Amino acid sequence: MLTLYRHPFSPASRFVQLVLAEYGAKTEFATERPWERRRDFLILNPAGTVPVLQENDGPPVCGALAIMEYLDETRGYAVGDRRLMPDHPDARAETRRLVDWALNKLDSEVVGPFVRERIYKQEMAASVGGGSPDSAVLRVARANIGHHLRYFGYLAATRNWLGGDRLTFADFAVAAELSCADYLGEVPWAEEENVKAWYARIKSRPSFRPLLAEKILGMPAAASYADLDF
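Residues numbered from 1 in each chain as written. Predicted model: local features only at pLDDT ≥ 70, side-chain atom pairs only at ≥ 80, totals over all residues. Heavy atoms only, no water.

Draft legend 1. Seen up close, the pattern of salt bridges. Evaluated as defined, the whole model comprises 16 salt bridges. Between E32 and R38 there is a salt bridge; the shortest N-O distance is 2.8 Å. For R38, a relative accessible area of 35% gives the class partly exposed. Here E69 makes a salt bridge to R96, at a shortest N to O gap of 2.7 Å. On the criterion of sequence distance, the pair formed by E69 in helix α3 (residues 64-76) and R96 in helix α4 (residues 89-123) is long-range, its members being 27 residues apart. One salt-bridge network, in which partners are shared between bridges, spans D72, R83 and D87. (Salt bridge = Lys/Arg side-chain N within 4 Å of Asp/Glu carboxyl O. Buried < 20%, exposed > 50% of the residue type's maximum accessible area, 1.4 Å probe, protein only. Helix = DSSP H or I, 4+ residues; strand = E, 2+ residues; numbered from the N terminus.)

Laid out in C-alpha cells, this is it:
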C-alpha cells in the first residue's frame, strides 16, 4: 500500500497523483498543509514540503522528482509500453528536462504564485502569511505565462507528445501545473491552440478524473476546468 501526503492543489502533488493513477498503483491520500509544519509530517520530511510518498512501512520518498524516479524503478518496467520513462538515454534526458521545467521554472514563474496567492492564502492563518492575494505578484505571473505556453505550443505542434513520440512523465508534469492555473481561470487557452489540443487529450484520460473533481471551498472552478470539450 502506498500513502501520498499531498495538498490537492499542489502542482507537484498532482503530478505524482497522475502518475500513480497511470500506473494503477493502489494509493491512500493524506492531505497535508505544509505551512502548519505538523510534527509527524516533519518527521517524514524535515523540509516540510509535499509531496511525500511512503510504501508500507518503508522510508519516505520526498519530492516529486525523487518519487518519479522511485515509481519508474519500482513499477515502470512492469507496465510495459505504458512506462512513462523512455528507453533511450537521449529521450530520458529530454523527459527529465521538461519535468524539471514544469516543476521548477513554470511553477516558480507562473503556477506557484497563482496557487499561493489565490488558494493557499485562503487556508493559511494570518500569522503564517494568509490574507488577500498580492495583485502585483499575480500581474507578474499573468505576464509570464505566455512565454511558457508559446514554448509548449511549439513542442505540441512538432511532436506527438511534449517529450517526443510517446506519452511520458513530461506530459503529466506540465498538465499537473496547468491544471491548477486552469481551475482558477488563469490559462489563456485561446492564445495557443496547440497547447489547448494537447491538454484536451491528456485531460480526457481516466487518471485525470479525480483531479477534475477536486474543489476549493468557496471558490468554484472556472467553467472550462472539468469540460473535456473546452
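Further notes follow.
Draft legend 2. Structural context of the sheet that holds strand β1 (residues 2-6). Judged by pairing direction, the sheet is mixed, and its 4 strands sit side by side in the order β2-β1-β3-β4 without closing on themselves. If you trace the sheet from one side to the other, it starts and ends with β2 (27-31) and β4 (61-62), each paired once. Here 2 bridges tie strand β3 (residues 52-55) to β4, and the two strands are oriented antiparallel to one another. Within β4, the position partnered with V52 by the bridge is C62. Of the strands in this sheet, β1, β2 and β3 touch helix α1 (residues 11-22), which is tilted by about 155° from β1. Seen against the sheet, α3 touches β1, β3 and β4 and runs at an angle of roughly 30° to β3. (Pairing = 2+ DSSP bridges. Contact = heavy atoms within 4.5 Å. Axes fitted to C-alpha atoms, helices over the stretch in contact; angles between N-to-C directions.)

Draft legend 3. Main features of the side chain of S179. As for its position among the elements, S179 is in helix α6 (residues 169-183). With near-sequence residues (within four places) excluded, S179 lies in contact with R14, Y199, F208, L211 and Y225.

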